[in-house]
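Given next are the chains, with one letter for each unit.
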Amino acid sequence: MSIVTVQLGQCGNQIGHEVFSALCSDLRGTHGLCSKKENESYQESCQERFFCQEESGVPAARAVLVDMEPKVISQTLSMAARSGHWKYSSHSHFCQKQGSGNNWANGYSVHGPRHKEAIMNLVQKEAEKCDRLGGFLTIMSMAGGTGSGLGAFVTQCLRDAFPTSFILNHVVWPYGTGEVIVQNYNSVLTLSHLYHSSDAILVHENDVIHKICAQLMNIKQISFRDVNQVIAHQLGSVFQPTHTAAGGSGYSRNPLGDLMEPLVPHPEFRMLGLRNIPQMPESSLPYSTFSWPGLIKHLRQILIAHAHMEEGIDWQVRPPHPGSSIPSTNKPLHFNTSIANLVILRGKDVHSVDLGSFQDPSLYTSWLNPQDAFSAWKTPRAFNKYEKSASLVSNSQFLLKPLDSIVGKAWNMFASKAYLHQYTKFGIQEEDFLDCFTTLEQVISSYTNL
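To keep things clear, this report deals only with the structure shown in the data block. No experiment lies behind these values; they were computed from the predicted model shown.

1. Notes on the environment of K409
Note on placement: K409 falls in helix 12 (residues 400–415). Between the C-alpha atoms of K409 and H421, which are 12 residues apart in sequence, the distance is 18 Å. Discounting residues that sit within four places of it in the chain, K409 has contacts with G176 and N184. Among the polar contacts made by the side chain of K409, one reaches the main-chain carbonyl oxygen of G176 at a distance of 3.5 Å.

Below you can see the structure in the form of structure tokens.
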């Protein structure tokens, strides 16, 4: 089944480009480390999922690009075309001249309704090119105006136009120190609206990815492109084809459905975090060897200790003892309770890996059976030059702290009515803000009480 990607705003378009580049270079790599037959079926499955064949012979990304200013889209289109290995379709983008000025209300209330028809026509055309549509992946940032405001609007339109398709929103969480003075407002408005129309929200935090670039990739002067490439690698490690537990011998049919079904068992809990190991500069790969037990041990500790990467994990954090009926308030400090987890293994000897440590009931909330709360996907086909790699997609308390912090900062500004006139002039009233705060306070409370 195919996924249509909708790239929104500067951040969404730049990350989208890196995602398709990563998928394409993984496809073309001769580093599959698996049988020729396995490699061919992997390539075929990826092609169907993310690219459509055009007459020119160059695969075209199944994507729609939307921005309110032309610069980033024209750069993105020409970079893809220059690669010679893939491109965007010539009629799959929509841009305007004026931008949204980092104002969520401008993107949501002005640009959204004004350009709805043009944007949804492009999406419809892209969806019609799919033999079987699996759903939509939107890529956007929360801090600015176009990605966040227009992104929230477009997500609602997708939900109305395709009521039975899966919608996964990939959102980029702004730097804590902030690029935009009103980023906390924009983030609160974005998240609360997505909560009503999306099936799941997959989050990358800029601060975390920045640390990975500095500490694991050893990059001295970190650019947005470096950050985006790490995000793209992590997304590719989830969405490239794998065998699911139920899938038998073929590659998974509907990646979005297969992802959401186990991970989002309840509409109150839609926030997904992503971790991927190992990560290192390409130049170090030939000198590194990894064992599955070591990778799994690290990945499990990253999960329970709420770590961001394999360096600096707190190994002191332990799950609560099974059978101890302590209320959630007395849980071990820093322990990260999960609702559901998915582990994805790629590379050599995956079928011999023991994942029993992820099935420990003490990792999970009590209202879900541990057998239902954990799933694993595997493929012997290696990903992106890594002989062995493991990814974790987790619906857990990963995002509780950043969410609490962003809502707190936004509320402090709201209480003093700072910058509110910027939003009211585009029709977003104080009541709308209050509704959004209420939605997110409820989400915070639900995740806190796990």
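2. With respect to the packing of aromatic side chains
Under the definition given, this model contains 19 aromatic pairs. Taken together, a centroid distance of 6.5 Å and an interplanar angle of 65° make the contact between F51 and W86 edge-to-face. Taken together, the positions of F51 in strand 2 (residues 51–52) and W86 in the loop between helix 3 (70–83) and strand 5 (87–88) put the pair 35 residues apart, joining distant regions of the chain. Between F269 and W367, the aromatic rings sit 5.8 Å apart at their centres with planes inclined by 35°, giving tilted as the arrangement. Of this pair, F269 sits in the loop between helix 9 (255–263) and strand 10 (271–277) while W367 sits in the loop between strand 11 (338–347) and helix 11 (370–373), placing them 98 residues apart in sequence. Owing to a relative accessible area of 41%, W367 belongs among the partly exposed residues under this scheme. Residue placement shows R275 over the ring face of F398; its charged tip is 4.0 Å from the ring centre. For R346, the ring lying beneath its charged end belongs to F383, and the centroid distance is 5.7 Å.

3. Examining unusual backbone geometry
In this structure, the amide linkage connecting I277 to the following residue, P278, adopts the cis form with an omega of -10°. Secondary-structure assignment places P278 in the loop between strand 10 and helix 10 (292–304). Of note in the backbone geometry, D349 takes a positive phi value of approximately 60° without being a glycine. Structurally, D349 is set in the loop between strand 11 and helix 11. A positive phi is found at N384, a non-glycine position, where the angle reads about 50°.

4. A short note on the packing of helix 5 (residues 146–161) against helix 6 (residues 183–197)
Packed helix pairs are specified by the crossing angle of their axes together with the interaxial distance, meaning the distance between the axes. Running from amino to carboxyl end, helix 5 crosses helix 6 at an angle of 5°, the nearest separation of the two axes being 9 Å. Classed by the angle they form, the pair helix 5 and helix 6 counts as roughly parallel. Residue-level inspection shows S148, A152, T155, Q156 and R159 of helix 5 in contact with helix 6, the latter providing N186, T190, H193, L194 and S197. Counted by class, the contact of helix 5 with helix 6 contains two nonpolar, seven polar and one charged residues.

What counts and how
Residues numbered from 1 in each chain as written. Predicted model: local features only at pLDDT ≥ 70, side-chain atom pairs only at ≥ 80, totals over all residues. Heavy atoms only, no water. Helix = DSSP H or I, 4+ residues; strand = E, 2+ residues; numbered from the N terminus. Contact = heavy atoms within 4.5 Å. Polar contact = N/O pair within 3.5 Å; in protein donor to acceptor, adjacent residues only side chain to side chain. Phe/Tyr/Trp six-rings, centres within 6.5 Å; stacked < 30°, edge-to-face > 60°. Buried < 20%, exposed > 50% of the residue type's maximum accessible area, 1.4 Å probe, protein only. Lys NZ or Arg CZ within 6 Å of the ring centre and 35° of its normal. Axes fitted to C-alpha atoms, helices over the stretch in contact; angles between N-to-C directions. Parallel < 35°, antiparallel > 145°, perpendicular 65-115°, else oblique. Nonpolar A, V, L, I, M, F, W, Y, C, P; charged D, E, K, R; others polar.

Function cannot be read off these values alone, since they describe shape.
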